[in-house]
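Structural overview for review
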Amino acid sequence: MNSYRDERRSLDARDVDVAATLGPVPLSEEQARSLRRKIDWHIMPFMCIMYLMTFMDKTTLGEAAVLGILEDANLSANQYDWLGTIFYFSYLAFQYPQNLALQRFPVGKWMSINIFVWSVILCCHAACKSFGALFAVRFLLGICEGAITPGFLIVTSMFYTREEQTLRVGYWFLMNGFAVIILGFISFGVLHTHTPNFMPWQWLMIITGTITLVTAIFFWFFFPDSPTSAWFLSAEERAQAVQRIRSNQTGVENKHFKYPQFVEAIKDRKTWLLAFIAGSANVVNSLIVAQFGFNDIQTTLLGCVDGVVEILTIWLGVKLASSKHIGRAYAAVLMYVPAILGCILVSLLPFSNKVGLLFSYWICIFAIAPFTIFLGWVAAITSGHTKRITTNAIVLCAYATGNAVSQFMWQAQYQPRNHIPWAIITTTNFCSALGLLLLRHILAADNAKRDSEGKDLEEESVYVVRLQDGREVNVDRTLLDLTDKENRQFRYVL
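The structure displayed is predicted, hence computed values, not measured ones. Every chain begins its residue count from 1, and numbering advances along the sequence as written. Two thresholds apply to this predicted model, a pLDDT of at least 70 for residue-level local features and 80 or more for giving and counting side-chain atom pairs, whereas whole-chain, interface and lining totals are computed over all residues. In computing side-chain values, all of the structure's heavy atoms are included and hydrogens and water are not.

1. Some remarks on the overall build of the protein
For the protein, the helix and strand inventory stands at 20 helices and three strands. Two residues qualify as a contact provided that any one of their heavy atoms is within 4.5 Å of a heavy atom in the partner residue. Taking the contacts inside the protein whose residues are at least 6 apart along the sequence as the reference set, 83% of them involve residues at least 24 apart. Strands are runs of DSSP state E lasting at least two residues, helices are runs of H or I lasting at least four, and both sets are numbered from the N terminus onward.

Here's what the structure looks like:
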């Protein structure tokens, strides 16, 4: 018998996972599948609809350019670029505070508040007729957006196993494609409205803002904060929901900030490689296909095809990534191959070949799938709640940086061919693919090292938590809120 066996280690309730007091419960495979279906039906529709609305709302600026905002608000091309950039600058500046709030407060409620404020700000866009006013509302919009993606990543990791997370992230992320389609049809409709003193772009802001406001109210009342308090689960099902994800070795959540975990996230080389991948993957295409010679109505309707391509590529990407024979890194790199080819073709095809340019542009959209796969991977390879929210914040700050700087690539001097922007996007896509392969190599090497270490002797220890009412309960080691570095039984998914 080793020296650790039967040793009792007392812990403060603040140090362990919120689900630590829920002991192991019997859970058959059939019960696990039934519980997963119940969770899917109660949270995935909300996540999908909300992600659809937030993406649709933040991309209204692009549609507004076609609907007359440049002329109505007297915006120069440079000012219009700044309206896109300031959104991501505020997103970046408030990303870590938003992640801290997601740890401190109930996740669902905090996201609901941000979405409600977001909807009001979006409606306020319609009253803005100057660069200064639009600059202010876009800045505020970026602050609110900062809670959505990290919140969804936290919720996905709370309710689903690591094998299930890639598909679920893909499901709510591909709503971006549906948002593009729906926004395209709304824009097409308002383009035909003729109301005195109220432009089509203003109607677009009011319509999308009102829909989001209604959605936020439903989100507040019906979206769960965690599996330990989900209204649609019985007490027994809550314990089973936690039991179902014990294999993740990541727990559910911990509401207390742990400085050592923060420091570990900063010092972990993996964190900065993740940030590099996120930044390079989001030097994005801001091209409006009108530059290929299409009129406003044609541009609006062709934008709907962008959404269809995005849906199909994300779905294909996450399906490939979920295959144990392919995995996340290889699936993402496979999706980058046609994207890079599309970027090259857009730059090299004759400008008279509008159809060829258009199809090449659509092939470029394959580059969205790798980032979707990557987001699900980030959530699955980071453990320890403070470390997780810190890593999420750094990764999404890099995402915002890539989006912000890419707004300024599309300068008038590069038009109509935009050789320089397309060359930059080709390069960053290639760098992102290399980063993903390097990440996989590092994680595989770490897994091999852990395998060679053998069993962690501390696994035999008995961990005891004293609750506020004086009771003591034994705690499963998987719910100690350990980081992936501290828990040598943790294995990185590839």
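2. Description of helix α7 (residues 131–145)
Helix span, expected: 1.5 Å multiplied by one less than the number of residues in the helix. Taking 1.5 Å of rise per residue, 15 residues should cover 21 Å, and α7 covers 21 Å from first to last C-alpha, within 8% of that figure. Inspection of α7 places L134, V137, R138, L141, G142, I143, C144 and E145 among the buried residues, and these make up the whole buried set. A 1.4 Å probe rolled over the protein chains alone gives each residue an accessible area, and that area as a share of the maximum for its type sets the label: buried under 20%, exposed over 50%, partly exposed in between.

3. Digging into the environment of C364
Along the polypeptide, C364 turns up in helix α17 (residues 354–364). Taking the relative accessible area as the measure of exposure, C364 reaches 9% and is therefore buried. Taking the C-alpha atoms as reference points, C364 and L345, 19 residues apart in sequence, are found 9.4 Å from one another. In this view, C364 contacts A339, G342, C343, V346 and W422; residues no more than four positions away in its chain are not counted.

4. Here's the deal with helix α18 (residues 368–380)
Because an α-helix completes one turn every 3.6 residues, residues spaced three or four positions apart along the sequence face the same direction. With 13 residues, α18 ought to run about 18 Å at 1.5 Å a step, and its terminal C-alpha atoms sit 19 Å apart, in line with that. Counting buried positions over the 13 residues of α18 gives twelve, a clear majority of the element. Among the residues making up α18, those that are buried are A369, P370, F371, T372, I373, F374, L375, G376, W377, V378, A379 and A380.

5. Here's the deal with the side chain of T428
Within the fold, T428 resides in helix α20 (residues 419–453). Looking at T428, its side chain comes within polar contact range of the main-chain oxygen of I425, at 3.0 Å. Dropping the residues within four chain positions of it, T428 is found in contact with S280 and V283. Nitrogen and oxygen atoms within 3.5 Å of one another constitute a polar contact, given that in protein one can donate a hydrogen and the other can accept it, and given that sequence-neighbouring residues count only through two side-chain atoms.

6. A few points about the confidence of the model for the protein
Overall, the prediction assigns the protein a mean pLDDT of 85, with 87% of residues at 70 or greater. Scored from 0 to 100, pLDDT records how confident the predictor is in each individual residue. Here residues 1–6 is modelled with pLDDT under 50, and outside its nearest four sequence neighbours on either side it reaches eleven contacts, counting other chains as well.

7. With respect to the packing of aromatic side chains
Only rings of Phe, Tyr and Trp enter the pairing, Trp through its six-membered ring, and a pair is recorded when the two centres are within 6.5 Å. The plane angle decides the type: under 30 degrees is stacked, over 60 is edge-to-face, the rest tilted. For the structure shown, the criterion picks out 31 aromatic pairs. Their ring planes at 80° and their centres at 5.4 Å tell us that F152 and W172 sit as a pair that is edge-to-face. Of the two residues, F152 sits in helix α8 (residues 148–159) while W172 sits in helix α9 (residues 162–173), which places them 20 residues apart along the sequence. The same class applies to F152 and to W172, which are both buried. A positively charged side chain is recorded as over a ring if its NZ (Lys) or CZ (Arg) lies within 6 Å of the ring centre. The angle to the ring normal must also be within 35 degrees. The positively charged end of K109 is found above the aromatic ring belonging to W220, 5.6 Å away from the centroid. Over the aromatic face of F490 sits the side chain of R162, whose NZ or CZ is 4.7 Å from the ring centroid.

8. Observations concerning the packing of helix α1 (residues 29–58) against helix α11 (residues 200–222)
Axis lines are fitted to C-alpha atoms, over the contacting stretch for helices. Their N-to-C directions set the angle, which ranges from 0 to 180 degrees. Running from amino to carboxyl end, α1 crosses α11 at an angle of 150°, the nearest separation of the two axes being 10 Å. With respect to their mutual orientation, α1 and α11 come out roughly antiparallel. Remark: the crossing between α1 and α11 carries left-handed chirality. Facing α1, whose interface residues are F46, I49, M50, M53, M56 and D57, α11 presents T208, I211, T212, T215, A216, F218, F219 and F222. For this classification, Asp, Glu, Lys and Arg are treated as charged, while Ala, Val, Leu, Ile, Met, Phe, Trp, Tyr, Cys and Pro are nonpolar and the rest, including Gly, are polar. When the residues that make up the contact of α1 with α11 are grouped by side-chain class, the tally is ten nonpolar, three polar and one charged. Working rule for angles: under 35 degrees goes down as roughly parallel, over 145 as roughly antiparallel, 65 to 115 as roughly perpendicular, anything else as oblique. Put simply, a crossing is left-handed when the front helix is turned counterclockwise from the back one by less than a right angle, and right-handed when it is turned clockwise.

9. What to know about the nonpolar core
Where a protein is soluble and globular, its nonpolar side chains tend to be buried together. Take the buried residues of types Ala, Val, Leu, Ile, Met, Phe, Trp, Tyr and Cys, join any two whose side-chain atoms come within 4.5 Å, and each joined set is a nonpolar core. The biggest cluster of nonpolar side chains holds 117 residues, and the ones touching the most others in it are I43, M111, F152, F159, W172 and F374. The leading source of residues in this core is α1, at twelve residues. Every residue in contact with M111, bar those within four places of it in the chain, is listed here: L102, A147, I148, G151, F152, V155, F219 and F223. The next biggest cluster of nonpolar side chains, apart from the first, holds 14 residues, and it includes C343, V346, W410 and W422.

10. Comments concerning the pattern of salt bridges
A pair is scored as a salt bridge if a Lys or Arg side-chain nitrogen falls within 4 Å of a carboxyl oxygen belonging to Asp or Glu. Overall, the coordinates contain 20 salt bridges when judged by the stated rule. In this structure, the salt-bridge partner of E264 is K387, at a minimum N-O distance of 3.0 Å. Here E264 is found in helix α13 (residues 259–267), whereas its partner K387 is found in helix α19 (residues 385–406), with 123 residues between them in sequence. Comparing E264 with K387, the two get one shared label, buried. A salt bridge links K485 to D446, with the shortest nitrogen-to-oxygen separation between them at 3.9 Å. Of this pair, K485 sits in the segment after β3 (472–475) while D446 sits in helix α20, and the two are 39 residues apart along the sequence.

11. Focus on unusual backbone geometry
Residues other than glycine seldom take positive phi values, yet N74 does so here, at roughly 55°. We classify N74 as exposed; its relative accessible area is 62%. With a phi close to 65°, N197 is a non-glycine residue in the positive phi region. Residue placement: N197 occurs in the loop between α10 (175–190) and α11.

12. Points about the environment of A400
Examined against the element boundaries, A400 turns out to sit in helix α19. Given the relative accessible area of 0%, A400 is considered buried. Taking the C-alpha atoms as reference points, A400 and Q95, separated by 305 residues in sequence, lie 9.3 Å from one another. If we ignore the near neighbours within four places in the chain, the residues touching A400 are Y88, Y91 and L92.

13. Some details on the side chain of Q202
In this structure, Q202 sits in helix α11. The class for Q202 is buried, based on a relative accessible area of 3%. The residues contacting Q202, other than those within four sequence positions of it, are D72, A126, K129 and N197.

14. A word on the packing of α10 against α11
For the pair α10 and α11, interaxial distance at closest approach is 9 Å and the crossing angle is 135°. In terms of orientation, α10 lies oblique with respect to α11. Considering the relative orientation of α10 and α11, their crossing is right-handed. Residues L183, I186, S187 and V190 of α10 form the contact with α11, whose participating residues are P200, W203, L204, I207 and T208. Taken together, the residues that form the contact of α10 with α11 break down as seven nonpolar, two polar and no charged.

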